[in-house]
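Each chain is listed here by its residues.
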Amino acid sequence: MREIVTLQVGGFANFVGSHFWNFQNELLELAEDPEADAVFKNQALNMDVFYRYGETHQGVPTYTPRLLSIDLQGSLGSMSSSGTLYNGGSSVPSSIMTWDGNVTTQASEPRRRNLFLQSLYQEEQENFTVENGVSSGENSSRKEVSDRDIVEQLENDVQYWTDYSKAHYHPQSLYELSGSWIDAHKFDNYGIGRDSFSGGLHGEEMSDRLRFFVEECDHIQGFQFIVDDSGGFSPIAVDFLEGIADEYTNVPVLLYAVRGPGSAIDSTSQKHRVSRKLHDAVSFSKLSSLCKLIVPVGLPSLSRSKASKLLCIKDEQHYHCSAVYAATLHSVSMPFRMEPLGPNANSTYSSGALTVNEVVQILSGQARQNMVAILDTAMPAPSLSGSQVEQTLLRNLQPLTPEVSEHVKDLQSVESMTVLGALGTGSQRASINEVRGMVHAAYEHVITRPIFSHLSVAQCPLPIPLPFPSIFGNHVGQHGELLGTPVIGSSSRGSLDVHSIPMAARLQSSSAILPFLENRLTDLRKIGISRGGPGAELLRSWGFAKDESDDMGETLSKIIMELNPRFQTSSDSD
């Protein structure tokens, strides 16, 4: 068994994670649906990599994500922190301190379930009634809610990541940072996160929950760590990573540093701009030093990017942007649960299984020791037919990592690519060998090829669950095929119109990431380290002495030198 434990830390990370687990839930349901496409029943995937078996106190079997989610108190909306299966636990803090002074109570009305969550609850109640042979007049007379009403409400009223979550969670999975009612908009820099939740009871409780999932693994292959590093959750993730490094020394961490829309908007306040730039530099330096591989994810404007040319994204909605990032993370994680084959075996449904450690070695163990990767996506991926087919797929892969250079000719680049559910001639699903042949042919026609490229292929496309947002353009067909004539009517299409799509995604180690790295090093030196820098005092107030600040600069310099040997290490602090 090659288990993966997933961590989601911070608001936007949980928005991404909610979509990610919806995809997994949809795959599980389609595998059991007698009317579903046969490709979903023959996935050649081991879902136990991400899931665990268990049972409730009543002995009911459960199958839940091997997940630890961390967010601010009040971030779960209508969902209980104990999940929905076990009906145990309490939202009351685990310890009550004696206090003889004045007490101020802050309380809010429980959030009501939206139409989607109501429909899930009613369906589960009906299933329970049928399985136990109990008659229920309430269930038989309930008001039917149409899927269209559900989709419309989600488009207009998602406030929490739980509003569109299909998954059931274990009581150990959902952790709220209780005891502090912090405005999420003010929880926006490294210092406030460090001050609010450094060590103490929270650290112990979170570590215990992580240990619960790790210790039941037979042979853990790695941690999938998704962190919203745009604000105060970054130091919480750093504390977590330090603990993982101490306790699970040989277990690799694949870290996605995700950012939602609006995190890169410049402020009119000079003080705020200095704080943002310093936070970005500090956060990336600290996180990158504690994981095997870090992948920055989150464009300043996804809607105006080349990655969205077939999509209708609303940048202001976390619900929209997180869906694209989650679909891509799902795609690059597929090799981790593919069934490994023997050297002479040929699978009809998937090929190219990898472990987390093997991906890390591909991207960081070739010609350089680069620990930063670029994430590219093609959503939906183009079909493997038509003119110039050899170059179409590669041209459609566009970065979701910010501040990368275009058209970089890096002779030392390495990559791991995944293609899911590719369509061929006549919109028929292409075979594994056809996809491999097309990708290999594509690289024969490019000027600069990576020094090493690994390809994983699965016939199983990305399933589109009901709560997925309406982000597809009117040129996208029911199975993700690209239509020559746009569909008349709405400019955007969702799960009622598009049931699955082909995907292509790529993790790439390339010097194209240099602008991202150099910008952070320059900001750290000029703003925080140099004498008289506008952020020097702010850096000290965050708890960083000069030697620790210099170490952060050295961390960034080393990464840059691996990518660009001509880089000069002279500091601007003199």
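Scroll up for the structure.
For clarity, every value in this text was computed on a predicted model and none was experimentally measured.

A. Geometry of the sheet that holds strand 7 (residues 253-258). Strand order in the open sheet made by the 6 strands is 5-4-1-6-7-8, with parallel pairing throughout. The open sheet has two free edges, formed respectively by strand 5 (174-177) and strand 8 (293-297), since each of these has just one partner strand. Going across the sheet, the axis of each strand differs from the next one's by a mean of 15°, ignoring polarity. Bridge analysis of strand 1 (residues 4-9) against strand 4 (residues 67-72) gives 4 bridges, and the strand direction is parallel. Each residue of the ladder has a partner; that of Gln8, found in strand 4, is Ser69. Across the sheet, helix 7 (residues 233-247) lies against strand 1, strand 4, strand 5, strand 6 (222-228) and strand 7, angled at about 165° from strand 6, the strand it touches most.

B. Representation of helix 9 (residues 318-337) within the structure. With 20 residues, helix 9 should cover 28 Å at 1.5 Å per step; its first-to-last C-alpha distance of 28 Å lies within 8% of that length. Maximum bend of helix 9: about 30°, positioned at Ser331, with proline Pro335 one to four residues after it. Where burial is concerned, most of helix 9 is hidden: 19 out of the 20 residues are buried.

C. Representation of the pattern of salt bridges in the model. Evaluated as defined, the whole model comprises 17 salt bridges. A salt bridge links Asp229 to Arg259; the nearest nitrogen and oxygen atoms lie 2.9 Å apart. Of this pair, Asp229 sits in the loop between strand 6 and helix 7 while Arg259 sits in the loop between strand 7 and helix 8 (270-288), and the two are 30 residues apart along the sequence. What makes Asp229 buried here is its relative accessible area of 6%. For Arg259, a relative accessible area of 12% translates into the label buried.

Thresholds applied
Residues numbered from 1 in each chain as written. Predicted model: local features only at pLDDT ≥ 70, side-chain atom pairs only at ≥ 80, totals over all residues. Heavy atoms only, no water. Pairing = 2+ DSSP bridges. Helix = DSSP H or I, 4+ residues; strand = E, 2+ residues; numbered from the N terminus. Axes fitted to C-alpha atoms, helices over the stretch in contact; angles between N-to-C directions. Contact = heavy atoms within 4.5 Å. Expected span 1.5 Å × (residues − 1). Bend = angle between axes of the 7 residues up to and from the residue. Buried < 20%, exposed > 50% of the residue type's maximum accessible area, 1.4 Å probe, protein only. Salt bridge = Lys/Arg side-chain N within 4 Å of Asp/Glu carboxyl O.

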